[in-house]
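Here is how the chains run, residue by residue.
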Amino acid sequence: TKLILLDSLLQEIKKMRLTLLLLYMSALFYGTDGKKASWDWEKKSFSPKDEEIQDILDILQEDDPDQWGDVDEDEEEEDPCESVHCGPGRVCQEGHCVCVEECSAEVDPRRWVCSNSNTTFRSDCDLYRNRCLCEEDSPFCTIDKNRHLHIEYYGECRKIPDCTEDELVDFPRRMREWLFSVMSDLSERKEISQHYEQLKINNKDMQSKRWSAAAVWQWCDLDKHPHDNTVSRHELFPLRAPLHSLEHCISPFLDGCDEDGDHSITIQEWSKCLELPVEDLMNKCEDLL
């Protein structure tokens, strides 16, 4: 009740202050006797009265309703989770990230996920929840290796044939041709940027150059989260996941591209992996603003 009365009193004070200010401005313009002041607005130079009017305008601006934020009244409490970002499988509680307590199972098997341990999870939430529990050393962590869980591909896990040595040797050629085919299809649909469209046009006369253009486009497109001139294992997901169940050599191939085993692929490693001249791929990415 006291806050309501205080708020009402403040509103009345503001109204009275505004009224007095308007009366003062009226007096400046018409004079105290009600007659229009004999000012020549077009010819007069800056005078003290102009300064007074500017002071009034400044005060009115200061009296903007937003300026009354310091009044002791009921204010909405700041959400401690508003600026907190939690990764997958986690949720913010009182400003801290904790593991999700429960995940809803996906009815559609196409929304299930197969993990890198060849285990099917009914949702990506469930997979990342299990990873979180093990990372936090929770007693609900069933298998310690789950702390390294990640999505291998979408859908139920299935038996993937082994990639033979001969198939792996031939895979760079198949990969180059596939990348060029995808880039060409996107180009026809106007779904690649002008930068890569021009790169494709400039290299259309030589087969190896065409392959290099497609290889540059794919590598640069993957290097986004973050854009740091390397493609991490996680950034490979958009390339690996859709192909994994269809092309049984994709994972061994990509694993082999990481020549130094640091869980990321540089443009030099990418060019070597695809058996393309490194100079055709260097410094060809579109600048990201």
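First things first, this report covers the structure right here in the doc. (Residues numbered from 1 in each chain as written. Predicted model: local features only at pLDDT ≥ 70, side-chain atom pairs only at ≥ 80, totals over all residues. Heavy atoms only, no water.)

1. Things to note about the state of the cysteines
This structure, assessed with the given rule, holds nine disulfides. The disulfide partner of Cys 114 is Cys 157, and the gap between their sulfur atoms is 2.0 Å. Where Cys 114 bonds to Cys 157 through sulfur, the torsion about that S-S bond is close to 105 degrees, and the disulfide is right-handed. Here Cys 157 lies in the loop between β5 (151-154) and α4 (165-188) and Cys 114 lies in strand β3 (residues 113-115), a separation of 43 residues in the sequence. Residue Cys 220 pairs covalently with Cys 285 via a disulfide, S to S 1.8 Å. Here the S-S torsion is close to -85 degrees, and the disulfide linking Cys 220 with Cys 285 is therefore left-handed. One end of the pair, Cys 220, is in helix α6 (residues 207-222); the other, Cys 285, is in the segment after α9 (267-273), with 65 residues separating them in the sequence. On the accessibility criterion, Cys 220 (7% relative accessible area) is buried. Relative accessible area serves as the criterion here: at 22%, Cys 285 is assigned to the partly exposed category. (Disulfide = S-S within 2.5 Å. Helix = DSSP H or I, 4+ residues; strand = E, 2+ residues; numbered from the N terminus. Buried < 20%, exposed > 50% of the residue type's maximum accessible area, 1.4 Å probe, protein only.)

2. A few points about the pattern of salt bridges
Pairing between side chains of opposite charge can happen when their charged atoms approach one another. Taken as a whole, this structure holds 16 salt bridges when the rule is applied. A salt bridge links Glu 152 to Arg 240, with the shortest nitrogen-to-oxygen separation between them at 3.9 Å. Placement of the pair is Glu 152 in strand β5 and Arg 240 in helix α7 (residues 237-244), with a sequence separation of 88 residues. Across the pair, exposure class does not vary: Glu 152 and Arg 240 are buried alike. (Salt bridge = Lys/Arg side-chain N within 4 Å of Asp/Glu carboxyl O.)

3. Section: the nonpolar core
By size, the foremost hydrophobic cluster in this structure holds 34 residues, and its most contacted members are Met 175, Tyr 196, Phe 253, Trp 270 and Leu 274. Looking at this core, the elements that each hand over two or more residues are α4, α5 (194-202), α6, α7, α8 (250-257) and α9. (Core = buried A, V, L, I, M, F, W, Y, C linked by side-chain atoms within 4.5 Å.)

4. Brief notes about the environment of Cys 157
Judged by its relative accessible area of 18%, Cys 157 falls in the buried class. Sequence separation between Cys 157 and Cys 114 is 43 residues, and the spatial gap between their C-alpha atoms is 5.0 Å. Setting aside anything within four residues of it in sequence, one finds Cys 157 in contact with Cys 114, Ser 115, Asn 118, Thr 119 and Thr 120. (Contact = heavy atoms within 4.5 Å.)

5. What about the pairing of strand β1 (residues 90-93)?
Every regular strand shows the same layout, with side chains that alternate between the two sheet faces. Bridging between β1 and strand β2 (residues 96-99) involves four bridges; their strand directions are antiparallel. Residue Cys 92 lies in a different strand from β2, and its bridge partner there is Cys 97. Here β1 folds back onto β2, and the loop between the two strands holds two residues, one of which, Glu 94, carries a positive phi near 55 degrees. (Pairing = 2+ DSSP bridges.)

6. Some remarks on helix α3 (residues 124-135)
With 12 residues, α3 ought to run about 16 Å at 1.5 Å a step, and its terminal C-alpha atoms sit 16 Å apart, in line with that. Within α3, the full set of buried residues consists of Leu 127, Arg 129, Asn 130, Cys 132, Leu 133 and Cys 134. On the buried face of α3, the contacting elements are β1, β2, β3, β4 (120-121) and β5. Asp 137 occupies a position one or two residues after α3 and carries a positive phi of about 55 degrees. (Expected span 1.5 Å × (residues − 1).)

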